[in-house]
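Architecture at a glance
Here is what each chain is made of, one letter per residue.
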Amino acid sequence: MVEARGELIASRRMGVFQHHTIVVPELADRARPGQLASFAVGGRTSALLGRRTLPLAAITPSGTYGGTIEVVVDPVRDAGMRWLADLRVHDEVDVIGPLGRAFPLPAHGVDSMVLGVGASAAPLGWLSTALRDRGCRVELMLAGETDRHLVGVIEARRVIGTVSVVTPGPTGLLPVLRDELQRTLRATEISVVYAAARAPELSAVAEVARPFGVTVQALLDEAMPCGTGLCGSCEVPVTGSDGISRTIRCCTEGAVIRGDLVEWDRYVAELWETVR
Amino acid sequence: MTAESVSADIDLTVNAGGLALQTPVMGASGCCGFGHELLRLGRAGDVSALVTPSLTARTQSSDHRGVLLEVPSGLVSPTDRPSLGTGQLEATRLPWDADGIPPVIVSLAGNLSGAYAEAADQLRRQSLMRRVAGVEVNLACGDRKNDDRPFAHDVFGATKVIARVREQLPRDLPLFAKLSADVHDLVEIARGCVKSGATGLVVSSPLRALSIDLPTLRPRLTPAVTGLSGPAILPITLRAVWELRAAVLSGRLPNVAVVAVGGIARASDAVQALAAGASAVQVGSVMLHDPSSAERVTTGLLAECERLGIPSVKDLIGRAHHD
Ligand SMILES: Cc1cc2nc3c(=O)[nH]c(=O)nc-3n(C[C@H](O)[C@H](O)[C@H](O)COP(=O)(O)O)c2cc1C
Ligand code: FES
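Residues numbered from 1 in each chain as written. Chains lettered and ligands numbered in written order. Predicted model: local features only at pLDDT ≥ 70, side-chain atom pairs only at ≥ 80, totals over all residues. Heavy atoms only, no water.

Quick notes on the environment of B:Asp172
Stated formally: Secondary structure elements are taken from DSSP: a helix is a run of H or I of four residues or more, a strand is a run of E of two residues or more, and numbering for both begins at the N terminus.
Mapping B:Asp172 onto the fold places it in the loop between helix 4 (155–168) and strand 11 (175–179). As a C-alpha pair, B:Asp172 and B:Gly134 span 38 residues in sequence and 9.3 Å in three-dimensional space.

Here you go:
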């Protein structure tokens, strides 16, 4: 794990999101797809205490500038994300990473599906390349609120060939996502789904995949206000292989968690809990 | 830059409630983990003592996850967090024997004075007890026998808890009572705790607070167990430390060490807390924002002593009370 001050060296719009490239050599040398980077936001005199912890979109271990990392920021999530999105080239930012568990890659080629929603889909191009390099067949599905909320479609077409795109129907995004996933799982021999999204969408993915006996490796893109395991506020309820319920820290033991282990109803309800 | 490289001549050691510390900068309960986390960051040596998250007699899940809500310069969070039972400590294989782990202070919590006593009793029986340099009693928990009012808000409740925990622990083990600044008569509560065996006082727990969820217009967290921490509360911490120190000076409170916690984020905050009368400080929320904070505060303290021409950080303690 590296604590560093990274310099932003490139930034571009990616639909409604902002794509940043940041020089952080030691971090870039070690990261794998599914791992995270955590940023202090608001500058040196910040009034925002929580960090913003994001999945790494890509790394370049040694480029012209030394190693770089890439992230995709959704500016409308909150004030801290807006600050992060508004950083300009040559601005500096405190970053810690790589954090958490990477997507486990199969030892040899399997038919796999890679699915992401909105900015959470950022690491999936990198993951798809790694899967393809291992001889996996990859079906890619990208979902978003509008076609400006889809991340990496063009790049993915280059790597994967076919990419299906899911945008909301009359009753929102989730029903369409469920239908599309179900249709694909029925029509193919897919044995693993790699998914990156917020909790409600991942919950739906896990539910749809269950009857097919398909393993889901889910990257939980939820708030991780320290990113380093210190605060305990990113806990996810899981059922262990012993059948006993416990919680694990998303930032250190996740953010990639096997979908069948998560107690989704409890987790999703607790995330948006208010006092009744 | 390490703390040593600023100046080797300045003495940073302090004694807080019978606990000898290499520097006055400790890690606050619940914000610095159990040791693994700081070790992984290479920052276990940044704090002179590590206060664990509060442990209870039995492992408790909570009604809430430990959500953190951001407010300007602060965090609003539940004070009844899930906790590990003191009987389960061994099973988690804590790294308290590892190189670089500072003295460990175990924080205890409960909802009845008997539950605190049970937690302390189980702790004493643990083989890990040999690595425990002190105990801090988190009095912010609600008292089941007193309409869930926090023990820290009631002199009778607080005194009883401290007395019962004291009975369970070796006589020479430093025992800290963690108080709330958000009370009518802090000195009276502090006096009760010292009389029943606390060797040090820690102020403050998170202050009672509230957050309203916007779409539903309902409280986001249970009001009785919602607290505010972070730089926003620093002036209140300073006032509480000042009040306790003034009470010692006036004879209203026996001579007792005070540890400041609440909003300490930079060296100038720590200097203020020491001047107000604290023997040491704890860094909490700011460690979540920036895990290098403890090191920065320590390095800054050295620089500050050098600037003020003070050979020992002890000379800062209580300076604001001098004419
Ligand atoms: C995430 C978090 C967890 C905490 N857990 C505990 C705890 O288990 N026991 C305790 O006595 N205080 C706990 N606290 C309170 C802190 O130890 C400290 O008293 C308070 O946050 C004020 O200090 P600060 O402003 O430096 O954070 C916690 C605070 C936070 C933010
Ligand atoms: S975000 Fe703090 S423990 Fe995971």
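Picking up after the structure, the text goes on.
Points about the packing of aromatic side chains
Residue and element names in this part refer to chain B. The line we're drawing: Centre distance within 6.5 Å is the pairing criterion for rings of Phe, Tyr and Trp, where only the six-membered ring of Trp is used; planes under 30 degrees apart are then read as stacked, over 60 as edge-to-face, and the remainder as tilted. Buried, partly exposed and exposed residues are distinguished by accessible area as a fraction of the type maximum, computed with a 1.4 Å probe on protein chains only: under 20%, between the cut-offs, and over 50%, respectively.
Scanning the model with the defined rule gives three aromatic pairs over all chains in all. Ring centres of Tyr116 and Phe151 lie 5.3 Å apart, and the angle between their planes is 85 degrees; on these two criteria the pair is classed as edge-to-face. Of the two residues, Tyr116 sits in helix 3 (residues 113–125) while Phe151 sits in the loop between strand 10 (149–150) and helix 4, which places them 35 residues apart along the sequence. Just as Tyr116 is buried, Phe151 falls in that class too.

Brief notes about the site of ligand 1
All names here are of chain B. Spelled out, the test is: Proximity is defined per residue: any heavy atom of the residue falling within 4 Å of a molecule or strand makes that residue near it. Pairs of N or O atoms within 3.5 Å make up the polar contacts considered here, provided that, within protein, one atom can donate a hydrogen while the other can accept it, and that residues adjacent in sequence are counted only when both atoms are side-chain atoms. Using a 1.4 Å probe, the Shrake-Rupley method yields the accessible areas, and only the shown protein chains count as cover for residues. Each residue receives one of three labels: charged for Asp, Glu, Lys and Arg, nonpolar for Ala, Val, Leu, Ile, Met, Phe, Trp, Tyr, Cys and Pro, and polar for the others, Gly being one of them.
Inspection of the region around ligand 1 gives 21 residues, with Ser29, Ser54, Gly230, Gly263 and Ser285 positioned closest. The backbone of Ser204 places a nitrogen or oxygen atom 3.1 Å from an oxygen atom of ligand 1. Here an oxygen atom of ligand 1 and a backbone polar atom of Gly284 are 3.1 Å apart. When isolated, ligand 1 has an accessible area of 600 Å², and the protein chains bury 95% of it. Of the residues in the shell around ligand 1, the class split is seven nonpolar, twelve polar and two charged.

As for the pattern of salt bridges
Residue and element names in this part refer to chain A. Applied cut-off: Definition used for salt bridges: Asp or Glu carboxyl oxygen within 4 Å of a side-chain nitrogen of Lys or Arg.
As enumerated under the stated definition, the model contains 31 salt bridges over all chains in all. Ionic pairing is found between Glu222 and Arg198, a salt bridge with its closest N-O pair at 3.3 Å. Of the two residues, Glu222 is situated in the loop between strand 12 (215–220) and strand 13 (235–239) and Arg198 in the loop between strand 11 (192–197) and helix 6 (199–209); the sequence distance between them amounts to 24 residues. The partner of Arg258 in a salt bridge is Asp260, with the nearest N and O atoms 2.8 Å apart.

Structural notes on the domain arrangement of chain A
Residue and element names in this part refer to chain A. Just so we agree on the cut-off: Segmentation into domains, and thus their bounds, comes from an automatic or database assignment. In this description, contact between two residues means that some pair of their heavy atoms is separated by no more than 4.5 Å. Two parts placed together each lose some accessible area; with a 1.4 Å probe, that loss summed over both constitutes the buried area.
One can read the domain layout of chain A as domain 1 (2–99) and domain 2 (111–271). Distance from the C-alpha centre of domain 1 to the C-alpha centre of domain 2: 22 Å. Across the contact, 24 residues belong to domain 1 and 23 residues belong to domain 2. Between domain 1 and domain 2 lies a buried interface of about 2000 Å² when both sides are counted; carbon and sulfur atoms form 65% of it. Where domain 1 meets domain 2, there are one salt bridge. Viewed at the interface, domain 2 and domain 1 are joined by five residue pairs in polar contact (both at pLDDT 80 or more).

Quick notes on a nonpolar patch on the surface
Residue and element names in this part refer to chain B. Stated formally: Excluding any residue in a salt bridge, patches collect residues exceeding 30% relative accessible area, merging like charges within 9 Å and nonpolar Val, Leu, Ile, Met, Phe, Trp and Tyr side chains within 5 Å.
On the surface, Leu210, Ile212, Leu214 and Leu217 cluster together into a nonpolar patch covering about 440 Å² of accessible area. Note that Leu217 resides in the loop between strand 13 (207–208) and strand 14 (226–229). With a relative accessible area of 59%, Leu217 lands in the exposed category.

Some thoughts on the interface of chain B and chain A
Facing the 39 residues of chain B at the interface are 31 residues of chain A. At the boundary of chain B with chain A, total buried surface from both sides reaches about 2800 Å², with 51% on carbon and sulfur atoms. When the buried surface of chain B facing chain A is broken down by residue, B:Arg65, B:Glu70 and B:His289 rank first, second and third, together holding 28% of it. For the pair chain B and chain A, the number of links is two salt bridges. For A:Arg52, the salt bridge is made with B:Glu70, and the minimal N-O distance between the two is 2.6 Å. Where chain B touches chain A, the interface holds nine residue pairs in polar contact (both at pLDDT 80 or more). At the level of elements, helix 2 (36–41), strand 5 (69–71), strand 6 (74–78) and helix 8 (285–289) of chain B are the ones that each hand at least two residues to the side of chain B that touches chain A. Of the residues belonging to the side of chain B that touches chain A, the class tally is 16 nonpolar, twelve polar and eleven charged.

Here's the deal with the sheet that holds strand 8 (residues 111–117) of chain A
Residue and element names in this part refer to chain A. Just so we agree on the cut-off: Strands qualify as paired when DSSP identifies two bridges or more between them. Every angle, taken between N-to-C directions, lies between 0 and 180 degrees, and every axis is a line fitted to C-alpha atoms, over only the stretch in contact when it is a helix.
Taken in spatial order, the six strands line up as 10-9-8-11-12-15 in an open sheet, and their pairing is mixed. Unpaired on one side and paired on the other, strand 10 (163–166) and strand 15 (256–258) mark the two borders of the sheet. Strand-to-strand twist across the sheet, computed as the mean angle between neighbouring axes with direction ignored, equals 20 degrees. Note that strand 9 (residues 137–143) and strand 10 share four bridges and pair parallel.

A short note on the confidence of the model for chain B
We count it as follows: Per residue, pLDDT captures the predictor's confidence, and it can take any value from 0 to 100.
The predicted model of chain B averages 93 in pLDDT, with 96% of residues at 70 or higher. Across the whole predicted complex the pTM is 0.94, and at the interface the ipTM reaches 0.92.

Details of the side chain of B:His153
All names here are of chain B. If you trace the backbone, His153 turns up in the loop between strand 10 and helix 4. Judged by its relative accessible area of 14%, His153 is buried. Apart from the residues within four sequence positions on either side, His153 is in contact with Ser180, Asp182, Val183, Ile189 and Arg208.

Here we look at helix 9 (residues 293–308) of chain B
Filter applied, for reference: Helix span is expected to be 1.5 Å times the residue number reduced by one.
End to end, helix 9 of chain B covers 22 Å across 16 residues, agreeing with the expected 22 Å (1.5 Å per residue, within 8%). Looking one or two residues past helix 9 of chain B, B:Gly309 carries a phi angle of roughly 70 degrees, positive in sign.

Quick notes on the nonpolar core
This is how the line gets drawn: Buried residues of nine kinds, namely Ala, Val, Leu, Ile, Met, Phe, Trp, Tyr and Cys, make up a nonpolar core once their side-chain atoms join them within 4.5 Å.
Counting residues in each nonpolar core, the largest one holds 177 residues, and the members touching the most others are B:Val135, B:Leu139, B:Val165, B:Leu179 and B:Leu201. For this core, the element with the highest residue contribution is helix 6 (residues 234–250) of chain B, accounting for seven residues. Structurally, this core is a two-domain feature, drawing no fewer than three residues from each of domain 1 (2–99) and domain 2 (111–271) of chain A. If near-sequence neighbours (up to four positions away) are discounted, B:Leu139 is found in contact with B:Tyr116, B:Pro150, B:Phe151, B:Ala152, B:Ala158, B:Val161, B:Ile162, B:Ala177, B:Lys178, B:Leu179 and B:Cys193. Residues A:Leu8, A:Ile22, A:Ala37 and A:Trp126 belong to the second largest nonpolar core, which totals 24 residues.

Considering the pairing of strand 11 of chain B
All names here are of chain B. What counts is decided by this rule: Crossovers are marked right-handed if the path from the first strand over the helix to the second runs clockwise, as seen with the strands pointing away from the viewer.
Taking burial as the measure, the five residues of strand 11 include five buried ones, the bulk of the element. The two faces of strand 11 match: Leu175, Ala177 and Leu179 on one face and Phe176 and Lys178 on the other face are all buried. As paired elements, strand 8 (residues 132–138) and strand 11 share four bridges and run parallel to each other. When the bridges of strand 11 are listed, Glu136 appears paired with Phe176. Of the pairings in the sheet, the one linking strand 11 to strand 12 (residues 200–203) comprises four bridges and is parallel in character. Paired with Ala177 across the bridge in strand 12 is Leu201. In this view, the connection linking strand 11 to its parallel neighbour strand 12 by way of helix 5 (residues 186–195) has right-handed handedness.

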